Amino acid sequence: MEEVLNEIPDTNIELTPAECDLANLVSIKNFVSTTLKEENSLDVVCYNAGIACNTAASECLRTKEGFELTVGTNHFGHFYLNQLILPKIKQNTGRIVVTASSVHDPDSPGGAQGSKATLGTLE
């Protein structure tokens, strides 16, 4: 945390380390009910790109709840977190920022994840 604070000189901010495993709905609920318990409102929340499992893997990885890991983390995890904190965001006209990664681009280093996705023959 010191390294982060040193990157932002002359700023009076407080950092609180916390765990929020987006592949575990209980972890998300615990994060909101403990870490954000004292916060009445949030100014901004940033949802960054999630994970990209190797599409050529023979084993399907799953979240604690049994969802496929990529969908469970990148979609259900972010959606559940957002639903839980949305009242705190709306309280003070907060903002939601969603970013993506280059995983969708097979020509980028992040997009080189196993075999390329296709629509098959659509038969």
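Heads up: the structure comes first, above all this text.
Since we're looking at a predicted model, the values are computed, not measured.

Draft legend 1. Spatial organisation of the overall build of the chain. Within the chain, the secondary structure is distributed over three helices and two strands. Start at the N end of the chain and walk to the C end: the helices and strands fall as α-α-β-α-β. The buried share among the 123 residues of the chain stands at 21%. In the chain, the proportion of contacts linking residues at least 24 apart, taken out of those at least 6 apart, comes to 62%. About 9,300 Å² of surface is accessible on the chain, with carbon and sulfur atoms providing 53% of the total.

Draft legend 2. A look at the environment of V97. With respect to the secondary-structure elements, V97 resides in strand 2 (residues 95–98). Residue V97 is classed as partly exposed on the basis of its relative accessible area, which comes to 35%. Considered as a pair, V97 and C46 are 51 residues apart in the sequence and their alpha carbons are 4.6 Å apart. Beyond its immediate sequence surroundings of up to four residues, V97 is in contact with V44, V45, C46 and Y47.

Draft legend 3. A look at helix 3 (residues 69–90). In this model, helix 3 (22 residues) spans 30 Å end to end at C-alpha, consistent with the 32 Å of a helix rising 1.5 Å per residue. Its axis deflected by about 45° at L84, helix 3 carries its strongest bend there, up to four residues before the proline P87. All buried positions along helix 3 are accounted for by L69, G72, T73, N74, G77, H78, L81, N82, I85, K88 and I89. Tucked into the core, helix 3 has its buried residues touching helix 2 (25–34), strand 1 (44–47) and strand 2. Sitting at the head of helix 3, E68 places a side-chain oxygen 3.1 Å from the backbone nitrogen of T70.

Draft legend 4. Structural context of the pairing of strand 1. Only one face of strand 1 is buried, namely the one carrying V45 and Y47, since none of V44 and C46 on the opposite face is buried. Judged from the four bridges that link them, strand 1 and strand 2 form a sheet pairing that is parallel. Following the sheet pairing, Y47 is matched in strand 2 by V98.

What counts and what doesn't
Residues numbered from 1 in each chain as written. Predicted model: local features only at pLDDT ≥ 70, side-chain atom pairs only at ≥ 80, totals over all residues. Heavy atoms only, no water. Helix = DSSP H or I, 4+ residues; strand = E, 2+ residues; numbered from the N terminus. Buried < 20%, exposed > 50% of the residue type's maximum accessible area, 1.4 Å probe, protein only. Contact = heavy atoms within 4.5 Å. Areas by Shrake-Rupley, 256 points an atom, 1.4 Å probe, with all protein chains shown as cover. Expected span 1.5 Å × (residues − 1). Bend = angle between axes of the 7 residues up to and from the residue. Polar contact = N/O pair within 3.5 Å; in protein donor to acceptor, adjacent residues only side chain to side chain. Pairing = 2+ DSSP bridges.

What is shown is where atoms sit, not what they do.
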